[in-house]
Amino acid sequence: MPSEDPAARSASASVGAAVAPPPAFAEQANVTAASLREEFAENWPACWERAADLLDWRDDYEAVLGGDGPPFRWFEGGSLNASYNCIDRHVEAGRKNQVALRWAGRLGESRAYTYLDLHREVNEFAAALRALGVEEGDIVTLYMPMIPELPVAMLACARIGAPHSVVFAGFSADALATRMESADSEYLVTCDGYYRRGTPVHQKSKADNARVELDHSVEATVVVDRLGDQPPLDDDEYDYERLVRQHHSATVDPVPRDAGDMLFLIHTSGTTGEPTGVRHTTGGYLAQTAWTARSVLDIKPEDTYWCSADIGWITGHSYIVYGPLALGATTMLYEGAPDYPEKDRVWELIERNAVDVFYTAPTAIRAFMKWGAEYPESHDLSSLRLLGTVGEPINPRAWKWYHEHIGNGECPVVDTWWQTETGAMMVTTLPGVDDMKPGSAGRPLPGISVEVVDEDGAPTDPGEAGYLTVDKPWPAMPLSMVEDTGWFADHEQGRPPLDRFDWAYFTEDAAAVDEDGYITLLGRVDDVINVSGHRFGTMEIESAITAVEGVAEAAVVGAPHDLKGEAIYAYVTPVNADDEATLRERIVAGVEDAIGPIAVPAGIVFTPDLPKTRSGKIMRRLLGAVARDDDLGDISALRNPEVIGELDPIPERED
Ligand code: WT7
């Protein structure tokens, strides 16, 4: 059974009145044809040629979608190189002096890379990776904060056909080891450390600890000197700066990759205890990413564009690196925090760099709202043309605040629904064409087909909550789905039957669709908690907690949180109830070690027992209801109903 009934969520959906696209924006929009959805629908899948046309192909593809699928071979027969598409062709087009990357560091530093600079450093680092033994197909793990060397390394990997696996810098040594192990990755690029709110974090020692844990050996580790105190390096460790210097002016021909070859691997949390590796393709992924960056974010080559996500997540891959660079724009990279040194940092950066398009997450918008409108008001934000959000539902109040206080009522706001698995945007509005409805993401993009279905797999009525399902393949689909020949045959028990579709992908999101086809997202239906737009599997956190000495059992649930959207709460049964304060500290340390500080529960509740069914399964749903202060519903299946009285409601919601 999906762990939660989507219908239970419908009450929380509220959508504001429609807002038409501002005429001044519509006039200049990249997409102005209101008929685009119909055109794509009538001409599917050939319509996706429009996206592929944004790229330079080494060998032309023979078919937009080869075969009847599965397997789904997008742009079959075509070959290309992502690094060439993101760099070389812009240099060749006479745009070598356009700024590709504008970096704002945590300590107030800034650096700009023109397309020519980026070309030089990517080539040099690609040559260095090759010299270290990296071959086409080898997976290179990148474990770095938001410094320019991260996108440089990604593009260098792409240049030589070595898929990268970026691991979020805030993850722990254990989490890095798990991801390197599952990818069988023998190359690592990291840094000595970085500053978090002025305090140094020792990234290299985390990387060292991860290496010790691995079953396989690491061939080479490259270390970027970010703090200026590069520790002594072993024989198999290399200083980034030195390597690049050693390969001064080297050039590396971009390796042609088949459209279906892997561009990168990224891990995400699902219902299992281990993170899942999602593999994205070179052709389909890049085509849809560039296409959506152009049609939804309205990026123009002359724009300065800022996505405030971390490159460690899919948003940063698609919409800091690949999408905007494929279009030849200037993409900003910000290393710091939004409120450091002051709460106007984001607005100051937008003003100083005359940012045209800004893409952020609802969790950030809620924080901006809380800090107050005086911060954006003290800056000139008139360079902004379009605003975007991603990662979690945005409530109409936050939407309107963003629209009014950041966009001055003149910028469209695109609420973009997509996932690590989808690779690129799937459901949102075309900003020059579609009305916006605050609180609703919008309609499926041209060429994308989704349906909201009920428990029986039948389409829901307007306004009724159901399961969001994608019922046609899309270019940026991950390799697991490309290759999946039996999606229905082995769909997990309890999922709605989807047999009436030729093919479908169950997104694990609840949603409702209105009369106009606008989709409102209602949250996950699986055991995944969305904290500030990031996914955490309850099982992953529970296994970190139960590994702590003194913990007998643990269950983790999500409950609403003013700033984070959802926060993690843990119900823990101690072996003995003596010293809760010490145990609490050990649990915090245990989660930090296993995953990282971002997965530490906002609340830990000790309880002598957890609610269980007669067969002994923990009733997480009930705990979730307790944490959310909801009606507990039917508790007749409980073996130990008396425990309910013992469960303290969640403590004060910290941070
Ligand atoms: C989950 C995917 C895609 C980049 C960031 C997250 C939620 C994402 C929206 C939105 C409501 C959203 C969904 C989805 N989500 N965008 N605009 N409105 N919910 O990627 O970590 O793979 O998480 O984020 O629940 O399934 P991710």
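Residues numbered from 1 in each chain as written. Predicted model: local features only at pLDDT ≥ 70, side-chain atom pairs only at ≥ 80, totals over all residues. Heavy atoms only, no water.

A. Structural view of the sheet that holds strand S11 (residues 220–224). The strand order S12-S11-S8-S6-S7-S14-S15 describes an open sheet built from 7 strands, whose pairing is mixed. At either end of the open sheet lies a strand with only one pairing partner, and these are strand S12 (237–239) and strand S15 (276–281). Across the sheet, the mean angle separating the axes of adjacent strands is 25 degrees when strand polarity is ignored. By the bridge criterion, 6 bridges tie strand S14 (residues 262–268) to S15 in an arrangement that is antiparallel. In the strand pairing of S15, His267 is matched with Gly277. Sheet contacts for helix H10 (residues 283–295): S14 and S15; angle to S15, the most-contacted strand, approximately 80 degrees. (Pairing = 2+ DSSP bridges. Helix = DSSP H or I, 4+ residues; strand = E, 2+ residues; numbered from the N terminus. Axes fitted to C-alpha atoms, helices over the stretch in contact; angles between N-to-C directions. Contact = heavy atoms within 4.5 Å.)

B. Representation of the side chain of His247. By secondary structure assignment, the location of His247 is in the loop between helix H9 (240–246) and strand S13 (257–258). Excluding residues within four positions of it along the chain, His247 makes contact with Glu124, Ala127, Ala128 and Ala131.

C. Looking closely at the domain arrangement of the protein. Partitioning the protein into structural domains gives domain 1 (6–13 + 448–524) and domain 2 (528–646). Summarising the inter-unit geometry, the C-alpha centres of domain 1 and domain 2 are found 28 Å apart. (Domains from an automatic or database assignment.)

D. Spotlight on the sheet that holds strand S20 (residues 413–416). If you trace the 7 strands from one edge of the open sheet to the other, you get S5-S4-S17-S16-S18-S19-S20, paired in mixed fashion. Of all the strands in the sheet, the pair left with one neighbour each is strand S5 (110–114) and S20. For this sheet the average axis-to-axis angle between neighbouring strands, irrespective of direction, equals 20 degrees. Sheet topology places strand S16 (residues 304–307) next to strand S18 (residues 357–360); 3 bridges connect them, and they run parallel. Residue Trp306 lies in a different strand from S18, and its bridge partner there is Phe358.

E. Broad picture of the site of the ligand. Around the ligand, 18 residues are found, and the nearest of them are Asp415, Thr416, Thr420, Asp509 and Arg535. Here a nitrogen atom of the ligand and a backbone polar atom of Thr416 are 2.8 Å apart. Between Gln419 and the ligand, the recorded distance is 2.8 Å, taken from a side-chain N or O atom to an oxygen atom. Burial of the ligand by the surrounding chains reaches 95%, relative to a free accessible area of 560 Å². For the shell around the ligand, the secondary structure elements donating two or more residues are helix H11 (314–326), S20 and strand S26 (519–524). Class assignment for the residues of the shell around the ligand results in 6 nonpolar, 7 polar and 5 charged. (Near = heavy atom within 4 Å. Polar contact = N/O pair within 3.5 Å; in protein donor to acceptor, adjacent residues only side chain to side chain. Areas by Shrake-Rupley, 256 points an atom, 1.4 Å probe, with all protein chains shown as cover. Nonpolar A, V, L, I, M, F, W, Y, C, P; charged D, E, K, R; others polar.)

F. The environment of Gly316, seen in detail. Along the chain, Gly316 turns up in helix H11. According to the relative accessible area criterion, Gly316 is buried, its value standing at 0%. It is 9.9 Å that separates the C-alpha atoms of Gly316 and Met146, two residues lying 170 residues apart in sequence. In this view, Gly316 contacts Ala309, Asp310, Ile311 and Val321; residues no more than four positions away in its chain are not counted. (Buried < 20%, exposed > 50% of the residue type's maximum accessible area, 1.4 Å probe, protein only.)

G. Focus on the nonpolar core. Among the nonpolar cores identified, the biggest contains 124 residues, and Trp48, Phe75, Phe125, Leu297, Tyr322 and Trp474 are the most heavily contacted of them. With 9 residues, helix H6 (residues 149–160) is the largest single contributor of residues to this core. Here Trp474 is in contact with Trp74, Gln288, Glu421, Thr422, Met426, Ile448, Met481, Trp503 and Tyr505, once residues within four sequence places are set aside. Of all hydrophobic cores here, the second largest spans 36 residues; its members include Leu188, Ala554, Ala570 and Val591. (Core = buried A, V, L, I, M, F, W, Y, C linked by side-chain atoms within 4.5 Å.)

H. Spotlight on a negative patch on the surface. Together, Asp59, Asp60, Glu62 and Asp258 give the surface a local cluster of negative charge. The residue Asp59 is located in the loop between helix H3 (49–52) and strand S1 (63–66) in this model. Given a relative accessible area of 41%, Asp59 falls into the partly exposed group. (Patch = residues over 30% accessible without salt bridge, like charges linked within 9 Å, V, L, I, M, F, W, Y side chains within 5 Å. Salt bridge = Lys/Arg side-chain N within 4 Å of Asp/Glu carboxyl O. Lys, Arg positive; Asp, Glu negative; His and termini not counted. Charge placed at Lys NZ, Arg CZ, Asp CG, Glu CD.)

I. Region of the structure containing helix H15 (residues 396–406). Buried within H15 are the following residues: Pro396, Ala398, Trp399, Trp401, Tyr402, His403 and Ile406. Taken together, the buried residues of H15 touch helix H12 (345–353), S18, helix H13 (362–371), helix H14 (374–377), strand S19 (386–390) and S20. Of the residues trailing H15, Asn408 is marked for its positive phi of about 55 degrees.

J. Looking closely at H10. Taking 1.5 Å of rise per residue, 13 residues should cover 18 Å, and H10 covers 18 Å from first to last C-alpha, within 8% of that figure. H10 sits mainly inside the fold: 12 of its 13 residues count as buried. (Expected span 1.5 Å × (residues − 1).)

K. Molecular detail of the packing of aromatic side chains. Overall, the coordinates contain 25 aromatic pairs when judged by the stated rule. Consider the rings of Trp306 and Tyr334, whose centres lie 5.7 Å apart with planes at 85 degrees: the pair is edge-to-face. With Trp306 in strand S16 and Tyr334 in strand S17 (residues 330–334), the pair connects residues that are 28 residues apart, well separated along the chain. Under the relative-accessibility criterion, Tyr334 is labelled buried at 9%. (Phe/Tyr/Trp six-rings, centres within 6.5 Å; stacked < 30°, edge-to-face > 60°.)

L. Representation of the pattern of salt bridges. Taken as a whole and assessed by the stated rule, the structure comprises 30 salt bridges. Between Asp434 and Arg37 there is a salt bridge; the shortest N-O distance is 3.1 Å. With a gap of 397 residues between them, Asp434 in the loop between strand S21 (427–428) and strand S22 (443–444) and Arg37 in helix H2 (residues 36–42) connect regions that are remote in the sequence. One salt bridge connects Glu39 with Arg50, and the closest N-O pair in it is separated by 3.4 Å. Taken as a pair, Glu39 in helix H2 and Arg50 in helix H3 lie far apart in primary sequence, 11 residues in all. For Glu39, a relative accessible area of 33% translates into the label partly exposed. Overlapping salt bridges, with partners in common, bring together Lys204, Asp208, Arg211, Asp236 and Glu237 in one network.

M. Quick look at the environment of Ser217. Topologically, Ser217 is positioned in the loop between helix H8 (203–213) and S11. Under the relative-accessibility criterion, Ser217 is labelled partly exposed at 48%. In the structure, Ser217 is positioned 173 residues away from Trp44 in sequence and 47 Å away in space, judged by C-alpha atoms.

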